[in-house]
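Inside the fold
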Amino acid sequence: MQKKIDEIEKSIDDAVKDVQSSKTLQEIKMRFLGKTGEISSLMKNLRDVPPEERPSVGKLLNALRQWTEEKFAAIETRIKDFELKKKYADEKIDVTLPGRVAGDGAYHPNTLIRDELISVFAGMGFEVFEGPEIENDYYNFTALNTPADHPARDMQDTFYLAKDLLLRTQTSAGQIRVMENKKPPIKILSPGKVYRSDDDATHSPMFSQMEGLVVDKGITLCDLKGMLDEFARKIFGDGVKTRLRPSYFPFTEPSVEVDVSCFECGGKGCRLCKGTGWIEVLGAGMVNRRVLEGCGIDPDIYTGFAFGMGIERIAMLKFGINNMKLLFEGDVRFLKQFKG
């Protein structure tokens with residue numbers, strides 16, 4: 001038995017002499033100490049040894065097993081230390097190399113214009129109110145005096161979520177919510193996203209609007225004109241004038257389209273204003289009596305005006321952007337141009 005043990009010890013020494021990896025060491029370990037390994041087989045065969053010899057043979061086999069386990073443990077420690085050092089060497093990072101410098105971000109043109117518009121109107125006493133983007137038919141259409149057969153209600157123009165729920169087509173819905181819950185005087189801005197089924201170079205299914213509402217005693221179209229003159233000067237520069245053209249909106253009467261004199265050519269006529277000297281920027285008008293009545297406001301005591309503009313349109317005009325889709329593509333090269 002001693003001869004057999006000596007042979008196994010020599011075999012183990014030869015097997016682990018050049019081992020360099022934990023995987024190879026584990027394979028060798030299983031060869032000797034596994035369930036079917038050489039040492040394990042000798043331990044199982046101990047029952048075949050004569051009873052009087054079993055104590056001495058068992059002692060030898062236990063000593064062999066202990067020696068083997070200690071030898072493998074020592075080699076395993078050495079190999080793991082070697083492998084760890086190799087991993088550190090392979091994954092070494094030269095911290096003396098210059099790092100990547102993160103560039104400064106830039107505000108989106110829409111954000112720049114939105115903030116500028118809010119600043120201009122806040123200076124005239126307006127407060128900001130942001131209504132929900134998912135509206136019901138009443139606030140989006142009915143309360144704004146939109147007839148049941150109006151084309152704006154068609155599926156081709158409006159994104160319906162259910163029979164009476166839709167993605168708002170205008171932020172005017174927020175004005176109704178304010179007038180229902182607040183007594184005049186009222187002076188609010190209502191900015192936010194709106195949704196319409198429209199898509200081309202100058203239109204998007206989703207875009208941003210900013211609408212304003214003023215309700216008080218003695219409000220006239222002259223007050224609207226004076227406010228718009230101030231807005232035009234602040235946004236497009238001194239010397240820019242406004243003009244009102246008759247139009248129609250269900251929720252205002254009278255209604256007007258608002259133009260500003262071309263800030264590119266000074267009204268002489270150019271490509272931007274298509275040779276007319278004027279650029280259309282928004283719609284406005286005096287709040288319809290029926291809208292005021294529906295919100296519980298007496299139209300014989302109070303009057304008001306409302307206006308609404310597309311933020312993307314103002315951004316395109318001010319920054320010379322010729323395609324609305326550029327505002328939605330997120331192209332970093334485009335956005336970098338708007339760094340302060």
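First things first, this report covers the structure right here in the doc. Model, not experiment: these values are computed from the prediction.

Details of the sheet that holds strand S7 (residues 252-261)
Read from one edge to the other, the open sheet built from seven strands follows the order S1-S4-S5-S9-S8-S7-S6, with strand pairing classed as mixed. Both edges of this open sheet fall to strand S1 (127-128) and strand S6 (242-249), since each of them pairs with a single strand only. As paired elements, S6 and S7 share seven bridges and run antiparallel to each other. When the bridges of S7 are listed, serine 247 appears paired with serine 255. Relative to the sheet, helix H10 (residues 311-319) contacts strand S5 (206-216), strand S8 (278-287) and strand S9 (303-310), its axis offset from that of S8 by approximately 150°.

With respect to the environment of isoleucine 134
Along the chain, the position of isoleucine 134 falls in strand S2 (residues 134-136). For the pair isoleucine 134 and leucine 165, spaced 31 residues apart in the sequence, the C-alpha separation amounts to 6.9 Å.

Digging into the packing of helix H5 (residues 109-122) against H10
Relative orientation of the contacting elements H5 and H10 amounts to 100°, with a least axis distance of 9 Å. In terms of their interaxial angle, H5 and H10 are classed as roughly perpendicular. Mapping the contact onto sequence places Pro109, Asn110, Leu112, Ile113, Arg114, Glu116 and Leu117 in H5 and Ile311, Glu312, Ile314, Ala315, Lys318 and Phe319 in H10. Along the lines of polarity and charge, the residues of the contact of H5 with H10 split into eight nonpolar, one polar and four charged.

Let's talk about the pattern of salt bridges
One pass over the full model with this rule turns up 16 salt bridges. Linking lysine 86 and aspartate 90 is a salt bridge whose minimum nitrogen-to-oxygen distance equals 3.2 Å. Highlighted residues: lysine 86 and aspartate 90, both in helix H4 (residues 54-90), separated by four residues, approximately one helical turn. If you follow the salt bridges from partner to partner, you end up with Arg243, Arg245, Asp259 and Glu280 in one network.

A look at the packing of helix H8 (residues 221-236) against H10
When two helices pack together, their arrangement is given by the angle between their axes and by how far apart the axes lie. In the contact formed by H8 and H10, the axes pass within 11 Å of each other and the chain directions differ by 50°. As judged from the angle between their axes, H8 and H10 are oblique. Residues Phe231, Ile235 and Phe236 of H8 pack against Ile314, Leu317 and Lys318 of H10. For the contact of H8 with H10, a count of residues per class yields five nonpolar, no polar and one charged.

Quick look at a nonpolar patch on the surface
A surface patch of nonpolar side chains, about 270 Å² in accessible area, is lined by Ile134, Leu161 and Leu165. In this fold, leucine 165 is placed in strand S3 (residues 165-167).

What to know about the pairing of S5
Of all 11 residues that make up S5, nine are buried, and the element is covered over most of its length. Sheet topology note: the strand S4 (residues 186-195)/S5 ladder contains 10 bridges and is antiparallel. Paired with valine 194 across the strands is phenylalanine 207, a residue of S5. Here S5 runs beside S9; their pairing, made up of eight bridges, is antiparallel. Bridged to aspartate 216 within S9 is threonine 303.

Remarks on the packing of aromatic side chains
Counted according to the given criterion, the structure contains 10 aromatic pairs. A centroid spacing of 4.7 Å and a plane angle of 10° characterise the contact between phenylalanine 236 and phenylalanine 263, whose relative ring orientation is stacked. Of this pair, phenylalanine 236 sits in helix H8 while phenylalanine 263 sits in the loop between S7 and S8; the two residues are 27 residues apart in sequence, bridging distant segments of the chain. Phenylalanine 263 sits in the partly exposed class, given a relative accessible area of 24%.

Observations regarding the side chain of glutamine 175
Inspection of the secondary structure assignment puts glutamine 175 in helix H7 (residues 172-181). Given the relative accessible area of 5%, glutamine 175 is considered buried. Within the local environment of glutamine 175, its side chain forms a polar contact with the side chain of glutamate 211, the two groups lying 3.4 Å apart. Polar side-chain contacts of glutamine 175 include one of 3.4 Å to the backbone oxygen of glycine 212. When residues no more than four places from it in sequence are discounted, the contact partners of glutamine 175 are Ile188, Glu211, Gly212, Leu213, Ala306 and Phe307.

Structural notes on the pairing of S4
Among the 10 residues that make up S4, seven are buried, leaving the element largely enclosed by the rest of the structure. Sheet analysis places S1 next to S4, joined by two bridges and oriented parallel. If you follow valine 128 over to S4, its bridge partner there is leucine 189.

About the cut-offs
- Throughout this description, residue numbers start from 1 for each chain and increase along the sequence as written.
- Given that this is a predicted model, residues contribute local features only at a pLDDT of at least 70 and side-chain atom pairs are listed and counted only at 80 or more, while totals for whole chains, interfaces and linings are drawn from all residues.
- The side-chain quantities take in all heavy atoms of the structure and omit both hydrogens and water.
- Strands are treated as partners if at least two bridges between them are detected by DSSP.
- Elements are defined by DSSP. Helices are runs of H or I of four residues or more, strands are runs of E of two residues or more, and each kind is numbered from the N terminus.
- In this description, contact between two residues means that some pair of their heavy atoms is separated by no more than 4.5 Å.
- Only C-alpha atoms enter the line fits that serve as axes; for helices the fit covers just the stretch in contact. Angles between N-to-C directions range over 0 to 180 degrees.
- An angle below 35 degrees is treated as roughly parallel, one above 145 as roughly antiparallel, one from 65 to 115 as roughly perpendicular, and anything else as oblique.
- Under the scheme applied, nonpolar residues are Ala, Val, Leu, Ile, Met, Phe, Trp, Tyr, Cys and Pro; charged residues are Asp, Glu, Lys and Arg; polar residues are all the others, including Gly.
- A carboxyl oxygen of Asp or Glu within 4 Å of a side-chain nitrogen of Lys or Arg is what we treat as a salt bridge.
- Residues enter a patch when their relative accessible area is above 30% and they make no salt bridge; the linking distance is 9 Å between like charges and 5 Å between nonpolar side chains (Val, Leu, Ile, Met, Phe, Trp, Tyr).
- Accessible areas in this description were obtained via Shrake-Rupley with a 1.4 Å probe; residue shielding takes into account the shown protein chains only.
- The cut-offs for exposure are 20% and 50% of the maximum accessible area for each residue type, with area from a 1.4 Å probe on protein chains only; residues under the lower value are buried, those over the upper are exposed, and the others partly exposed.
- Ring pairs are drawn from Phe, Tyr and Trp, using the six-membered ring of Trp, whenever the two centres fall within 6.5 Å, and their geometry is named by plane angle: stacked under 30 degrees, edge-to-face over 60, tilted for the rest.
- Two N or O atoms form a polar contact when they lie within 3.5 Å of each other; inside protein one atom must be a possible hydrogen donor and the other a possible acceptor, and for residues adjacent in sequence the pair counts only when both atoms belong to side chains.

Remember that the coordinates give geometry; whether it matters functionally is a separate question.
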